[in-house]
Protein chains: 2
Amino acid sequence: MKVVLLSGGGGGARFARGLADALSEDDLTIVGNVGDDLEILGLHVSPDLDSLLYTLAGFIDVERGWGRAGETWTALVSAARWGGEDWFRLGDLDIGLQLVRTEMLRAGVALSQVTAQLAEKASLNTHILPATDDRLRTHVQTSAGDFPFQEWFVGRAHEDDVYAVRYEGADDASPAPGVLEAIADAAAILVAPSNPYLSIGPILAVNEIRSALESRRARCVAVSPLVGGKAVSGPLDRMLSRMAGGTTPAHVTDCYLGVIDALVIDRADAPAAAKVELVATTTLMRDRDAARRLAEKALEVACG
Amino acid sequence: MKVVLLSGGGGGARFARGLADALSEDDLTIVGNVGDDLEILGLHVSPDLDSLLYTLAGFIDVERGWGRAGETWTALVSAARWGGEDWFRLGDLDIGLQLVRTEMLRAGVALSQVTAQLAEKASLNTHILPATDDRLRTHVQTSAGDFPFQEWFVGRAHEDDVYAVRYEGADDASPAPGVLEAIADAAAILVAPSNPYLSIGPILAVNEIRSALESRRARCVAVSPLVGGKAVSGPLDRMLSRMAGGTTPAHVTDCYLGVIDALVIDRADAPAAAKVELVATTTLMRDRDAARRLAEKALEVACG
């Protein structure tokens, strides 16, 4: 059964891990966010694609929630010593990957092809696709000014309140090869419990992806990233309150109107009403098994 | 007393260390070889400039003769795991510097300015200048074919016999800012005990540098890299035998005709005759003090 997952970073990657466990690996295509990509120290970093890759390959630092387990920081400390920036934390193991990606991109290889090589090197059968091979960057408008995503999220510890989000380059971005085909062929489309503005928004901002989802044949089911109206991690609850007026399931579904048929919510947020079907379950992914159970629930809602 | 040193990598850097000890640091300008620069893993590496920098800053791995002491290799091993090349050994500490250099070069900063920043970050007062900011690359023609320098030197462990050396880009290369001024202002010009073909040749291949040296006012003294007709390290003796017909002091001075006034040779190579003055001393730099004594001897020969 072919399934497509739209996903951001940490929480999305944990959900992807559960979904890959629930399916035959080869049946899963993940469309990953690239809006939080950045150039730092001359490296092209794709944090969300890497979180997917590292999580699915078992390389992720589970405690920290990002980057690689057993990471060391020698190169970054050295770079800072020579005048380089070190606010974005890249470990030595991680830099190994970033060097390979950056070299390939500069040689003209598309991000989707680079990502396929990296997945193959990690012996993954899950297909990981960037939403687009084109340049698409999330910017946030905050109380302290306008910032490229990572400068706000990491550089400023996402402390400034966000008033608006903008996806630079989205109007001119085409879906990466395979994205539209995967959506067309899918028996189910899922949206991971990721931040609608920062993780899924950039994917939906690619016009042809949004159109393909709006005219989908398969059902599309999102999983809410909120538990009891609070974000499990990150700034989503504050963003939803400010930008959508609240943190109920309806505030989440309104981010996805026209794109999803149902939202899986946590029992802590039920009962609730929204413009699409709501299904309550336990959404907190304490471990890999919990992620698999959540994925199975979402698949069940999608496939009936 | 202003002194200019033309230098390559390892041996040249050790001599530079001794020369810096013999002078007021600020009086020394080193013109470094860039013919062995390479792009690897998307990084612009300048091995000879780095050997100078690391040696003068006390960072060099003395045993190995290149790279940094206390180095680790995590990023390189990781890069290889993701499909990157690992035949050129870049450690984590070293990669920190290479990231900073590469990012600056890609932003349009000249190599000479990058090098000045790196020297300043290492608190060096010695002026390290690349021979040129332009692209200049040494290629060797060998029994096994034509190779870019590092592919032969490191990649093939410089085992193939060299028939000819070519300095790609030299005809169009201009001296880096400060090189001609330093030569004009110098009270003495020294050539380090480096490989004439691979280390000093690329510097002399920059036409304006050669012309400046040919019309020098100060005396120019080279130090022979041979001891008893053998290279202390590297392929020079084999190259000299094949390309110049022997490994006596005269074979060395012939590499520098028109450019030097005297050659400091090892006692093991004396007595000998050549087209320029020969001065015998102990040239093996067993330690920093020996390097200083050798530098003082070369200065004495240059200044009379």
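From a predicted model like this one, the values you see are computed outputs, not experimental measurements. (Residues numbered from 1 in each chain as written. Chains lettered and ligands numbered in written order. Predicted model: local features only at pLDDT ≥ 70, side-chain atom pairs only at ≥ 80, totals over all residues.)

Digging into the overall build of chain A
Summing up its helical and strand segments, chain A has 12 helices and 14 strands in all. By its C-alpha atoms, chain A is 55 × 45 × 40 Å across when sized along the principal axes. Long-range contacts, defined as pairs at least 24 residues apart, comprise 66% of the intrachain contacts of chain A with a sequence gap of at least 6. (Helix = DSSP H or I, 4+ residues; strand = E, 2+ residues; numbered from the N terminus. Contact = placed C-beta atoms within 7 Å.)

What to know about the interface of chain A and chain B
Each partner contributes to the interface: chain A provides 26 residues, whereas chain B provides 26 residues. Elements with a minimum of two residues in the side of chain A that touches chain B: helix H3 (74-81), helix H4 (92-106) and helix H5 (111-121) of chain A. With 10 residues, H4(A) is the single largest residue contributor to the side of chain A that touches chain B. Taken together, the residues that form the side of chain A that touches chain B break down as 12 nonpolar, nine polar and five charged. (Nonpolar A, V, L, I, M, F, W, Y, C, P; charged D, E, K, R; others polar.)

A few points about unusual backbone geometry
A cis geometry characterises the amide bond from A:Ala270 onward to A:Pro271, with omega recorded as -5 degrees. One non-glycine residue with positive phi stands out, namely B:His158, at about 40 degrees. Mapped onto the secondary structure, B:His158 falls in the loop between helix H6 (149-155) and strand S8 (162-168). According to the C-beta neighbour criterion, B:His158 is buried, with 20 such atoms within 10 Å. (Buried ≥ 20, exposed ≤ 12 C-beta atoms within 10 Å, placed from the backbone.)

Some details on helix H1 (residues 10-22) of chain A
Residue and element names in this part refer to chain A. Its 13 residues place the ends of H1 19 Å apart at the C-alpha level, agreeing with the 18 Å of an ideal helix rising 1.5 Å per residue. Of all 13 residues that make up H1, 12 are buried, and the element is covered over most of its length. Regarding H1, the residues found buried are Gly-10, Gly-11, Gly-12, Ala-13, Arg-14, Phe-15, Ala-16, Arg-17, Gly-18, Leu-19, Ala-20 and Ala-22. (Expected span 1.5 Å × (residues − 1).)

A word on the packing of helix H1 (residues 10-22) of chain B against helix H12 (residues 288-303) of chain B
Residue and element names in this part refer to chain B. Relative orientation of the contacting elements H1 and H12 amounts to 70 degrees, with a least axis distance of 7 Å. On the basis of their axis angle, the class for H1 and H12 is roughly perpendicular. For the pair H1 and H12, the contacting residues are Arg-14, Phe-15, Arg-17, Gly-18, Leu-19, Asp-21 and Ala-22 in the first and Arg-288, Ala-291, Arg-292, Leu-294, Ala-295, Glu-296 and Leu-299 in the second. Of the residues that constitute the contact of H1 with H12, the class distribution is seven nonpolar, one polar and six charged. (Axes fitted to C-alpha atoms, helices over the stretch in contact; angles between N-to-C directions. Parallel < 35°, antiparallel > 145°, perpendicular 65-115°, else oblique.)

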